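Observations on the model geometry
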Amino acid sequence: LDLGKVGPVTWTRVCVLGPGTDDPAAQALLGLPWPASRLTSLGDGDERLALVFTDGAKVLAFVERPRSDGDFTSVQPPCLTRAEARLETRRAADGGLRVLRPGVPAR
């Protein structure tokens, strides 16, 4: 899964915001203010995450998705450059689809 092939052409960093991410946590992770609580439903439970594409100065785009379609919350670190955003998918013992950086065991 190569995230470098998706999103705006000019993004330089993608960050995974997991369930429960509030505005201060989003700002700490992204390095810039972003109203996650207003634009996403991440605070409403444990079932959704957001991929946020930035150019370092502003958020260019984001997509909110259900974790059941691919759980990116195991991606570490949670922010990746375009070159680092080549990921693997694996089935975990519970049958869920995990998205990971290459070489990281599924949990």
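Residues numbered from 1 in each chain as written. Predicted model: local features only at pLDDT ≥ 70, side-chain atom pairs only at ≥ 80, totals over all residues. Heavy atoms only, no water.

**A look at the state of the cysteines**
- Inspection of every chain in the model, using the stated rule, returns 1 disulfide.
- Here C15 engages in a disulfide with C79; their sulfurs sit 2.1 Å apart. An S-S torsion of about 115 degrees defines the bridge between C15 and C79 as right-handed. You can see C15 sitting in strand β1 (residues 13–17) and its partner C79 sitting in strand β4 (residues 79–81), a full 64 residues away along the chain.
- The exposure class assigned to C15 is buried, which follows from its relative accessible area of 0%. (Disulfide = S-S within 2.5 Å. Helix = DSSP H or I, 4+ residues; strand = E, 2+ residues; numbered from the N terminus. Buried < 20%, exposed > 50% of the residue type's maximum accessible area, 1.4 Å probe, protein only.)

**Here we look at the sheet that holds strand β2 (residues 48–54)**
- Sheet architecture is open: 4 strands sit in the order β3-β2-β1-β4, paired in antiparallel fashion. The open sheet has two edge strands with one neighbour each: β3 (59–66) and β4. The mean angle between the axes of side-by-side strands here comes to 20 degrees, regardless of whether they run parallel or antiparallel.
- Helix-sheet contacts for helix α1 (residues 23–30) involve β1, β2, β3 and β4, and the interaxial angle to β1 is about 150 degrees. (Pairing = 2+ DSSP bridges. Axes fitted to C-alpha atoms, helices over the stretch in contact; angles between N-to-C directions. Contact = heavy atoms within 4.5 Å.)

**Brief notes about the nonpolar core**
- Counting 13 residues, the largest nonpolar core has V14, L51, F72, V75 and L87 as its most contacted members.
- When contributions to this core are tallied by element, the ones reaching two or more residues are β1 and β2.
- Counting residues per element, this core draws most heavily on β2, at 3 residues.
- The contacts of L87, once residues within four sequence positions are left out, are L1, L3, F72, V75, L80, V99, L100, R101 and P102.
- The next biggest cluster of nonpolar side chains, apart from the first, holds 11 residues, and it includes L30, L32, A50 and V52. (Core = buried A, V, L, I, M, F, W, Y, C linked by side-chain atoms within 4.5 Å.)

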